[in-house]
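# Architecture at a glance
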Amino acid sequence: MYDRDFVKRAITSPFISYLSEDIVRQELVDGYKNSVRSAIIAPGQCDLINEVKVEYGNGYSRTGMVVGYPYGGMSTNMKVYLTKYAREKHLDEIDVGFNVTAAASKDFDKVREEMKLIVEAAGGEVKVIPMLWMVKFPFEIVDELCRIYVDLGITSVKTSAGIHFGRMQVEHIEWLYHNWGDKLEIEVAGKVRSREIAEKMVEEGAQFFHMGSWRRLSGIGQDIQFDFETKETKYGEYQEAE
Amino acid sequence: MTAKELGGIMGGRILESYYDYAHVSNLVYEALDLGFECIQVFPNMLPKVREVLNGRSLEICAVISYPHGIFLPEQKAFEIGDAIEAGATQVEFVVHNINVRSGNWELVRDEFRTCRKAAGGHVLKAILECEWLTDEMIETVCGLAAEEGIDRVCTSIGVYTRPDENKNDMLIGVEPEDVRKVKAAVRGKVKVVAQGNIDSVSKCRELLEAGADYISSEYAADILRNWE
């Protein structure tokens with residue numbers, strides 16, 4: 001069933017490689033028409049999103065770009081370069097992949113140093129929303145990442161990514177909201193595929209949902225599906241596990 | 001083929017979110033010990049690789065615009081230049097597959113040309129994602145790679161999943177058929193790297209028999225140690 005309130009929590013990000021440009025455009029247009037919370041694109045799609053925004057901007061939906069997403073494996077120079085690019089393109093926000101290798105090594109000074117440079121490059125004009133990789137890292141590391149982000153004046157986090165194994169659980173949100181919910185807005189990402197789970201997450205403090213299933217979970221239509229036999233991408237019946 | 005010969009065409013890679021500095025060090029030591037052709041790492045791992053190498057020689061490949069590849073050519077060029085300055089001796093970029101799937105061939109050509117220029121004389125590899133591409137797309141993109149001087153074409157990034165019959169997520173891996181298609185499409189003008197979840201000796205053999213010129217794997221050391 002269509003749920004306007006849920007759509008306003010949804011974040012779409014049409015840049016997975018099996019899309020074609022017509023579907024990318026359709027996702028952005030429909031996102032704005034339905035007033036999703038944000039539309040996030042890859043660095044090579046900024047002109048497209050700005051073009052769509054001119055025609056379909058609604059005063060609510062925000063535009064964003066990924067920087068070092070999702071592994072954060074890019075150099076600091078590259079992340080700063082992309083942040084400045086997002087600023088030049090007048091985007092509202094960037095989703096940032098932190099230095100996962102440093103975090104996994106508990107070299108938090110390195111993580112902080114890089115994020116500080118990114119925040120400076122954003123210049124207060126572009127909201128910085130870093131990831132946490134909650135499906136991979138123990139709470140001990142997530143906790144330290146949150147501490148760094150809050151120290152740097154960051155006010156929102158993205159919980160994970162949907163590109164790989166591991167799904168966000170309600171317990172992740174419960175922990176995150178309990179420990180950092182008064183300082184950090186929670187944007188859930190990481191294979192949330194059912195409305196029931198999403199609603200439980202909202203009850204636990206989640207505010208927004210970065211997901212490929214925003215149409216289905218909002219009651220608007222079907223998800224994008226890739227047919228491995230025909231190599232076609234189209235809107236179709238849901239195929240993945242819930 | 002001996003294990004030593006296999007090592008000469010083997011790339012070891014650690015491109016995930018859970019690897020720490022010890023994994024980076026270990027990859028370097030394994031590569032030196034077992035004679036990998038190269039290692040493939042994130043750009044932010046380059047300083048650690050150079051520190052561990054401490055002057056010893058090893059081909060270091062940095063992955064560019066990884067994993068989704070939807071960047072402008074000039075953005076890829078910036079990252080390539082930055083990685084080379086940081087010590088990469090090879091670079092491997094993910095092709096803008098939305099352009100490939102949309103038939104924007106002049107944009108793909110421009111991307112290849114720009115990356116070639118940015119890489120200079122360093123080995124330049126382009127990562128396709130065969131799992132998303134039709135035979136015709138593979139044929140055309142490989143033809144462009146050959147025309148624009150790409151040194152090696154890689155079959156896959158290997159990070160995506162697809163549901164199995166029980167709707168469980170399963171990693172998508174490179175198949176011998178992917179190698180055969182790419183091998184035929186490059187017509188001997190570009191080397192072919194099989195990569196994407198190659199986790200066993202038997203899989204490695206299948207891919208070599210299909211025509212792979214190079215193998216790239218997270219399990220490179222295990223495969224070499226178990227090679228007979």
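In this report, we go over the structure that sits alongside the text. Not measured: the values here are computed from a predicted model.

## Brief notes about the interface of chain A and chain B
Every contact between the two is made by 52 residues of chain A and, on the other side, 46 residues of chain B. Of the roughly 4,200 Å² buried where chain A meets chain B, counting both sides, 59% is carbon and sulfur surface. Of all residues in chain A, S17(A), Y71(A) and F228(A) give up the largest surface area on contact with chain B, accounting jointly for 16% of the area buried on that side. Where chain A meets chain B, there are one salt bridge. The partner of E16(B) in a salt bridge is K136(A), and the shortest N-O contact between them spans 3.7 Å.

## Section: the packing of helix α6 (residues 108–122) of chain A against helix α7 (residues 139–151) of chain A
Residues and elements named next belong to chain A. Here α6 crosses α7 at 35°, and the two axes come no closer than 10 Å. In this structure, α6 crosses over α7, and the sense of that crossing is right-handed. Contact residues: α6 offers F108, V111, R112 and M115, while α7 offers I141, E144, L145, I148, Y149 and D151. For the contact of α6 with α7, the per-class residue count stands at seven nonpolar, no polar and three charged.

## So, the pairing of strand β5 (residues 123–127) of chain B
Residue and element names in this part refer to chain B. By the criterion of burial, β5 is predominantly enclosed, with four of the five residues buried. Strand direction decides the pairing type here: strand β4 (residues 90–94) and β5, joined by five bridges, are parallel. If you follow V91 over to β5, its bridge partner there is L124. Both β5 and strand β6 (residues 152–154) contribute to a ladder of three bridges, which runs parallel. When the bridges of β6 are listed, I127 appears paired with C154.

## A few points about the sheet that holds strand β3 (residues 62–67) of chain A
All names here are of chain A. Spatial ordering of the open sheet is given by β5-β4-β3-β2-β1-β8-β7-β6, a layout of eight strands whose pairing is parallel. Strands with a single pairing partner mark the edges of an open sheet, and in this sheet they are β5 (127–130) and β6 (156–158). Averaged over neighbouring strand pairs, the angle between their axes works out to 25° when direction is ignored. One ladder, built from four bridges, connects β3 with strand β4 (residues 93–96); its direction is parallel. Looking at the pairing, V67 lines up with V96 of β4.

Scoring rules and cut-offs
Residues numbered from 1 in each chain as written. Chains lettered and ligands numbered in written order. Predicted model: local features only at pLDDT ≥ 70, side-chain atom pairs only at ≥ 80, totals over all residues. Heavy atoms only, no water. Contact = heavy atoms within 4.5 Å. Buried area = accessible area lost by both parts, 1.4 Å probe. Salt bridge = Lys/Arg side-chain N within 4 Å of Asp/Glu carboxyl O. Axes fitted to C-alpha atoms, helices over the stretch in contact; angles between N-to-C directions. Helix = DSSP H or I, 4+ residues; strand = E, 2+ residues; numbered from the N terminus. Left-handed = near helix turned anticlockwise from the far one by under 90°. Nonpolar A, V, L, I, M, F, W, Y, C, P; charged D, E, K, R; others polar. Buried < 20%, exposed > 50% of the residue type's maximum accessible area, 1.4 Å probe, protein only. Pairing = 2+ DSSP bridges.

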